[in-house]
Amino acid sequence: GGYRHVTIRARPFHDPTGHVVGAFAAIRDNHEATSTLRALATLSRGNGVLVRARDEQELLDEMCRTAVEAGSYALAWYGRAVHDERCTVQHVARAGELAAYVDEVVITWDDSPAGRGPTGTAIRTRRTQVKQSFDDVDYSPWREAAESRGIRSSISLPVVVDGVTDGALMVYAFEQHAFDQVSQGLLEDLAADIGYGIERLRDAERLTEALKSSVF
């Protein structure tokens, strides 16, 4: 019921007189190459966002939009770790037609059922979480909402700012096994770029405030 990227090679069959009487076609699945190209396109365009962004919100909004538009992913959103009693994950930015999914799920980053999914675990452990399918028990609180929208796999990427985990970037795909090892590495580079971008913007804001204070 979906689309697949493939490579097709065809060769004609000739009869003894040289007339074409048929063809032999070989089709090879290009899933791995496609996975890498999608992540590479996202990272490439994300580098441009890093240069242009004027504030944090613009940076995060555009990075999520880039994942959806350049990478053709189903949904992307950024969650920030809130240091409150519930260890809340705050929805800061999102992009994609399925963005309403984010409003339906409750996610924390503590070691509770709501925090043991890929997002909470990525924030808590500072390690990328890849779900090639949603069959495991830890994803059960969100499985129905995801699968009802056709979402089949995800990657959750921790974002570190000034040595502290600020939050995580979540990217979802309609296909199972959409995030191979190469694409994971590329998207981890994107998450590192986001962390660097937030640091740069916060440093610029602090410098501006310091200059204002010195003048007034």
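Further up the page is the structure itself.
Residues numbered from 1 in each chain as written. Predicted model: local features only at pLDDT ≥ 70, side-chain atom pairs only at ≥ 80, totals over all residues. Heavy atoms only, no water.

On to helix α4 (residues 118–125). With six of eight residues buried, α4 is to be regarded as a mostly interior element. Along α4, the residues that are buried comprise Pro 118, Thr 119, Gly 120, Thr 121, Ala 122 and Ile 123. (Buried < 20%, exposed > 50% of the residue type's maximum accessible area, 1.4 Å probe, protein only. Helix = DSSP H or I, 4+ residues; strand = E, 2+ residues; numbered from the N terminus.)

This structure, assessed with the given rule, holds four aromatic pairs. Each ring, one from Tyr 73 and one from Phe 179, has its centre 5.5 Å from the other, and the planes form 20 degrees; the classification is stacked. On the criterion of sequence distance, the pair formed by Tyr 73 in the loop between α2 (56–69) and β3 (75–81) and Phe 179 in the loop between β7 (164–173) and α6 (181–215) is long-range, its members being 106 residues apart. With respect to class, Tyr 73 is no different from Phe 179; both count as buried. Between Tyr 101 and Tyr 172 the ring centres are 5.6 Å apart and the planes differ by 70 degrees, which places this aromatic pair in the edge-to-face class. One end of the pair, Tyr 101, is in helix α3 (residues 101–104); the other, Tyr 172, is in strand β7, with 71 residues separating them in the sequence. Judged on exposure class, the residue Tyr 101 and its partner Tyr 172 are both buried. Here the aromatic residues Phe 134, Tyr 139 and Trp 142 are joined through ring pairs into a cluster of three or more. (Phe/Tyr/Trp six-rings, centres within 6.5 Å; stacked < 30°, edge-to-face > 60°.)

Phi angles above zero are rare outside glycine, and Ser 72 is one such case at about 55 degrees. Looking at the secondary structure, you find Ser 72 in the loop between α2 and β3. Positive phi outside glycine occurs at His 177, with the angle close to 55 degrees. Within the element layout of this structure, His 177 appears in the loop between β7 and α6. Using a relative accessible area of 45% as the deciding quantity, one classes His 177 as partly exposed.

Attention shifts here to the environment of Asp 138. Structurally, Asp 138 is set in the loop between β5 (129–131) and α5 (140–147). Among the residues examined, Asp 138 registers a relative accessible area of 37% and is labelled partly exposed. Every residue in contact with Asp 138, bar those within four places of it in the chain, is listed here: Arg 116 and Gly 117. (Contact = heavy atoms within 4.5 Å.)

With that settled, the discussion passes to the pattern of salt bridges. Enumeration according to the criterion identifies 13 salt bridges in this entry. The salt bridge involving Arg 116 is made with Asp 111; its shortest N-O contact spans 3.1 Å. Arg 206 serves as the salt-bridge partner of Asp 203, at 2.4 Å between the closest nitrogen and oxygen. One end of the pair, Asp 203, and the other, Arg 206, are both in helix α6, three residues apart, so they sit about a helical turn from each other. Where salt bridges share partners, they join Glu 56, Arg 80, Asp 166 and Arg 202 into one cluster. (Salt bridge = Lys/Arg side-chain N within 4 Å of Asp/Glu carboxyl O.)

Let us look at the environment of Ser 183. The topology assignment puts Ser 183 in helix α6. Taking the C-alpha atoms as reference, Ser 183 lies 12 Å from Thr 128; in sequence the two are 55 residues apart. Those residues in contact with Ser 183 that sit more than four places away from it in its chain are Ser 35, Thr 36, Ala 39 and Ala 178.

The values are spatial; any link to function lies outside them.
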